[in-house]
Amino acid sequence: MKIYVTSVFVDDQDKAEKFYTEILGFKVKHNIPLGTNRWLTVVSEEDPEGTELLLEPSEHPAVGPYKEAIIADGIAAHSFQVQDLDAEWKKLSERGVTFVTEPMDAGAVHMAVFDDTCGNLIQLVQMKA
């Protein structure tokens, strides 16, 4: 068994598509109209057949309070792995990404956390040897 699709709740699919593709460098895998929203998934350029990230609209009534609570506590909803955190941090900072936690050592990983502009905190991790 493996993970096929996982989702991140986003406030605006158009804004999320732009951020996740133009800023983070993901590629759109599926973009299927579903009423007023879309089945919109992105994948890593490094693994185009890998796990898809669904940019899920935040319309369910439970999503708002959930997102507000975890952001208020500084909890990253999702974690993306990178090979070189310092290089990724520098690149994304130059692209205007706001980091709420700058690169730091955290046990077995080197990590940082950024705001995805769509209502989420996302953690970047680089595994230590």
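Up top is the structure.
Residues numbered from 1 in each chain as written. Predicted model: local features only at pLDDT ≥ 70, side-chain atom pairs only at ≥ 80, totals over all residues. Heavy atoms only, no water.

Draft legend 1. A look at helix α2 (residues 63-72). Among all positions in α2, only Val63, Lys67 and Ile70 are buried. The buried residues of α2 occupy an angular sector of 75 degrees when the element is viewed end-on, so they sit on one face. Facing away from the buried side of α2, by more than 90 degrees, are the exposed residues Pro65, Glu68 and Ala72. Where α2 ends, the next residue or the one after it, glycine 74, has phi of about 75 degrees, a positive value. (Buried < 20%, exposed > 50% of the residue type's maximum accessible area, 1.4 Å probe, protein only. Helix = DSSP H or I, 4+ residues; strand = E, 2+ residues; numbered from the N terminus. Arc of directions from axis to C-beta.)

Draft legend 2. Here's a closer look at the sheet that holds strand β2 (residues 27-34). One open sheet holds the 4 strands; their spatial order is β1-β4-β3-β2, and the pairing between them is mixed. In this open sheet, the two strands that pair with only one neighbour each are β1 (5-10) and β2. Neighbour-to-neighbour, the strand axes of the sheet open up by a mean angle of 25 degrees, direction not taken into account. As paired elements, β1 and strand β4 (residues 52-57) share 6 bridges and run parallel to each other. Across the sheet, residue valine 5 finds its bridge partner in β4, namely glutamate 52. Sheet strands touched by helix α1 (residues 13-23): β1, β2, β3 (37-43) and β4. Its angle to β3, the strand with the most contacts, is close to 10 degrees. (Pairing = 2+ DSSP bridges. Axes fitted to C-alpha atoms, helices over the stretch in contact; angles between N-to-C directions. Contact = heavy atoms within 4.5 Å.)

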